[in-house]
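# Residue-level structure breakdown
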2 protein chains.
Amino acid sequence: MRDVAIIGVGMIPFGRRDEDSLMDLLAYASLKALDDAGLGDKSVNAVYVGNMGGGIIQHQTAIASSLVDRLSLLPAAAETVENGPASGGSAVKNGLLAVASGYYDYVLVVGGEKMREVTGWKATDFVSTMTHPEVEYPYGVTLPGMAGMFTRLYMEKYGVTREHLTAVAIKNQDMGALNPYAHVEMSISREGILDSPHSVVNNPPVADPLHLYDACPVSDGAAAVILCPLEIAKKTGKPPVLIAGFGQATDTHTLQERDDPTDLKAVSLAAKQAFEMAKLKPADIHVAELHDAFTILEIAESEHVGFFKKGEGAIAALAGKTKLGGQIPINVSGGLKARGHPVGATGVAQVVEITFQLRHELPKNRQVKGAENGLTVNFGGFGNNVLAFVLRRVQQ
Amino acid sequence: MRDVAIIGVGMIPFGRRDEDSLMDLLAYASLKALDDAGLGDKSVNAVYVGNMGGGIIQHQTAIASSLVDRLSLLPAAAETVENGPASGGSAVKNGLLAVASGYYDYVLVVGGEKMREVTGWKATDFVSTMTHPEVEYPYGVTLPGMAGMFTRLYMEKYGVTREHLTAVAIKNQDMGALNPYAHVEMSISREGILDSPHSVVNNPPVADPLHLYDACPVSDGAAAVILCPLEIAKKTGKPPVLIAGFGQATDTHTLQERDDPTDLKAVSLAAKQAFEMAKLKPADIHVAELHDAFTILEIAESEHVGFFKKGEGAIAALAGKTKLGGQIPINVSGGLKARGHPVGATGVAQVVEITFQLRHELPKNRQVKGAENGLTVNFGGFGNNVLAFVLRRVQQ
């Protein structure tokens, strides 16, 4: 395998973007990444689009072919990669392997979603299309519903409380308030969402014991990266970021088939594979983007990837160990919670954020000082298809 | 790049399969390929699913995660690849590059579609979702409509007649009648569809000048292949088939933006890339599966890949040069015309058919004697995203 590096990244502010089409979102993020890579007269050989809802929401297929034409990248190869909320991660993975194989030198990976075209129950229904078609979807199971049940089990097994969950929500909203790409650029207080008499109005239950501020918003957005062989990347202007490790694992499609539903085996295995390939351990990571579609997931993933022992992730979050400046800063971007979760974009946006961090180009109030190694976890289904990437700053 | 070979193939009869779900179709074809590969206790590392309509037709996403669980292949990596009617080819491509990179040793690629859940105008509308979302779809352009206009231009430029088109239809139906996997296992006669007074009833116009028997049916079906490094494949029981060449090219999304709409640049370029990688020329190919969604496409592609000069494909077809036993047998399977065109399955089914041919395991009335090199062309959109594979029988 050739070593593969990230030489360009681009992202557009996530949020509600009624004025833009899905194609617009994908094109804007792609152009920013192409510009950032400064390819000059070199062209991209292949394009991978991470997207989940083009067919269901936009009633559109073959969007990769449409995009490559719009970006004037003809005759570059192009296809869409879909893996539920891990579609972005799966697009990065296939771009990585395509460059690693030696077949392509320059690959554009862009993930995007325009989810706010569907609202209310239709948005929940769209997300539910990733559940099992025979034993889950027909019975009305939703992702928030699964997350609620998962949280209850976690609470019973490990003594997690709403106070712990709220600590994650506050941290991620605080960081999101500083991130111009975030959908919800707004701090929240413990008083407002947990302690005051009005907290039930501000922060109503979504799927007990999860409340509104435990869940990510429904967002529009897109993010893109340009990949090339490390040897070429070393000659570019910006510090290249190596994709040092990659892992992916699947687990039973349904939660109820797992021996212990609180054990996210696919997260553990994907992270283990990524660490082994990178020859690094969890303690070597300086910054991480975890898939906090719900606050409980950030806590659970921080344990399963090896930052904390089982049952200690919640305590660590409450103690501030996952804040900027803490032991392991998690979701300094605001995470899915505040940056938003346009499903196809998320896995790519995580890689973009870590690239910003490892290039040391963020403002002081967002930068993890001297970060050299980063981790991303993109969580498909309810943990049934998980991807992890270990990124490393390369000294030029 | 590591050399990558096909060590197992599986396919289910295409047609109307009301009793099976999309997941059933994918699982059946996968199990046949896994069985054919005889992996024993070795497990598959990754699964690629080629599918276009899961979201729109089945209202289902993340089908790759669901499949890998159903096949008991956990914790294998999995994702869906979508590229309109070339989704199957794109799935094979990504499986190929993943093994070539060295990251995975055993990959299952399965393409499938259950299209007959939508009928009438809804089936045409589903296929139209691959057209341009701004300048084609809203104006009601359909794929048969585009093919009709393309045929008219081809007729005017090269003197192609309905007699030439009918020769392709008759050849492919004759071959389909011998293929147990074909959707339409039925011969047709020139008299019945062109010459008799009843031909207008038997073979009504679909999109003038194309008639019913110029078009592929709407089919359900699935096909699968198992890929692994050639060095491992050489130790298996069956003659390994090397993916000797691969090419992919895009062209303008819309036909009207092309300088010469009869020039299918993406077909020429994808085939050229595949031939160069394989170090072979068109004359070295013994059997080809071309993407005859419409009869005119088999003729046009046979020229663009280099079997015949421009304008001579129709003459060659009428002269029988593309029949079994002819200069270059094309679509001995019956092609999309007779085998059917479950869109996500087609690109994989073409590779399965060529593997059957190169292993010399078909009955005499279907086998291209001594075939050593084969070509497949999978045509996305209206030629805006095309994949070509050159396969080669490897001497053990």
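Quick caveat: nothing in here was measured; it's all calculated off a predicted structure.

### Thoughts on the overall build of chain A
Each helix and strand counted, chain A has 14 helices and 11 strands in total. Here the C-alpha atoms of chain A give a radius of gyration of 19 Å, agreeing with the 21 Å that 2.2 N^0.38 yields for 396 residues. Across its three principal directions, the C-alpha atoms of chain A cover 60 × 45 × 40 Å. Every one of the 396 residues in chain A was classed for burial, and the buried ones make up 65%. Pairs at least 24 residues apart make up 77% of the contacts formed inside chain A by residues separated by at least 6 positions.

### Considerations on the interface of chain A and chain B
Opposite the 49 residues of chain A that make contact, chain B presents 49 residues. Listing elements by their share of the side of chain A that touches chain B, those giving two or more residues are helix H2 (63-70), strand S3 (77-82), helix H3 (87-100), strand S8 (241-250) and helix H10 (265-278) of chain A. Among the elements that make up the side of chain A that touches chain B, the one with the highest residue count is S3(A) (6 residues). When grouped by side-chain class, the residues that make up the side of chain A that touches chain B number 22 nonpolar, 23 polar and 4 charged. Pairing of S3(A) with strand S3 (residues 77-82) of chain B involves 3 bridges; the strand directions are antiparallel. Its bridge partner being in S3(B), Thr80(A) is matched across the sheet by Glu82(B).

### Quick word on the relation of the copies chain A and chain B
Both copies of the chain are placed relative to one another by a rotation about an axis and a shift along it. For the match of chain A to chain B, the screw axis carries a shift of 0.0 Å, the RMSD comes to 0.0 Å, and the turn is 180 degrees. Both copies are brought into coincidence by an operation consistent with a two-fold rotation axis. By C-alpha distance to the rotation axis, the residue of chain A lying nearest is Ser101(A), at 1.8 Å. A shared interface surface links the copies, since 100% of the contact residues of chain A are contact residues in chain B too.

### A look at the pairing of S8(A)
Residue and element names in this part refer to chain A. Counting buried positions along S8 yields 10 of 10 residues, so the element is predominantly enclosed. As judged from the 2 bridges shared by strand S1 (residues 4-11) and S8, these two strands associate in the antiparallel manner. Opposite Ala5, over in S8, you have Leu242 as the bridge partner. With 9 bridges connecting them, S8 and strand S11 (residues 385-393) associate as antiparallel partners. Each residue of the ladder has a partner; that of Ile243, found in S11, is Leu391.

### Points about the packing of helix H1 (residues 22-37) of chain A against H2(A)
Residues and elements named next belong to chain A. Relative orientation of the contacting elements H1 and H2 amounts to 55 degrees, with a least axis distance of 10 Å. The orientation of H1 with respect to H2, classified from their angle, is oblique. At the point where H1 passes H2, the crossing takes the right-handed sense. For the pair formed by H1 and H2, the contact residues are Leu22, Met23, Leu26 and Ala27 on the first element and Ile63, Ser66, Leu67 and Arg70 on the second. Taken together, the residues of the contact of H1 with H2 sort by class into 6 nonpolar, 1 polar and 1 charged.

### Observations concerning the nonpolar core
With 291 residues, the main nonpolar core has Val47(A), Val225(A), Val348(A), Val47(B), Val225(B) and Val348(B) as its most contacted residues. The residues touching Val225(B), leaving out its near neighbours within four places in the chain, are Ile6(B), Gly8(B), Val9(B), Ala33(B), Val92(B), Val109(B), Val348(B), Val351(B) and Val352(B).

### What to know about helix H10 (residues 265-278) of chain B
Residue and element names in this part refer to chain B. Taking 1.5 Å of rise per residue, the 14 residues of H10 would be expected to cover 20 Å, and the 20 Å separating its terminal C-alpha atoms lies within 8% of that figure. Counting buried positions over the 14 residues of H10 gives 11, a clear majority of the element. Every buried residue belonging to H10 is among Lys265, Ala266, Val267, Ser268, Leu269, Ala270, Ala271, Gln273, Ala274, Phe275 and Ala278, and all of these are buried. Tucked inside the fold, the buried residues of H10 contact strand S8 (241-250), helix H11 (295-304), strand S10 (373-380) and strand S11 (385-393). Lys279 lies just past H10 and shows a positive phi near 55 degrees.

Reading the values: rules and limits
- Residues numbered from 1 in each chain as written.
- Chains lettered and ligands numbered in written order.
- Predicted model: local features only at pLDDT ≥ 70, side-chain atom pairs only at ≥ 80, totals over all residues.
- Helix = DSSP H or I, 4+ residues; strand = E, 2+ residues; numbered from the N terminus.
- Rg over C-alpha atoms; globule rule 2.2 N^0.38 Å.
- Buried ≥ 20, exposed ≤ 12 C-beta atoms within 10 Å, placed from the backbone.
- Contact = placed C-beta atoms within 7 Å.
- Nonpolar A, V, L, I, M, F, W, Y, C, P; charged D, E, K, R; others polar.
- Pairing = 2+ DSSP bridges.
- Least-squares fit on C-alpha atoms with pLDDT ≥ 70 in both.
- Axes fitted to C-alpha atoms, helices over the stretch in contact; angles between N-to-C directions.
- Parallel < 35°, antiparallel > 145°, perpendicular 65-115°, else oblique.
- Left-handed = near helix turned anticlockwise from the far one by under 90°.
- Core = buried A, V, L, I, M, F, W, Y, C linked by C-beta atoms within 7 Å.
- Expected span 1.5 Å × (residues − 1).

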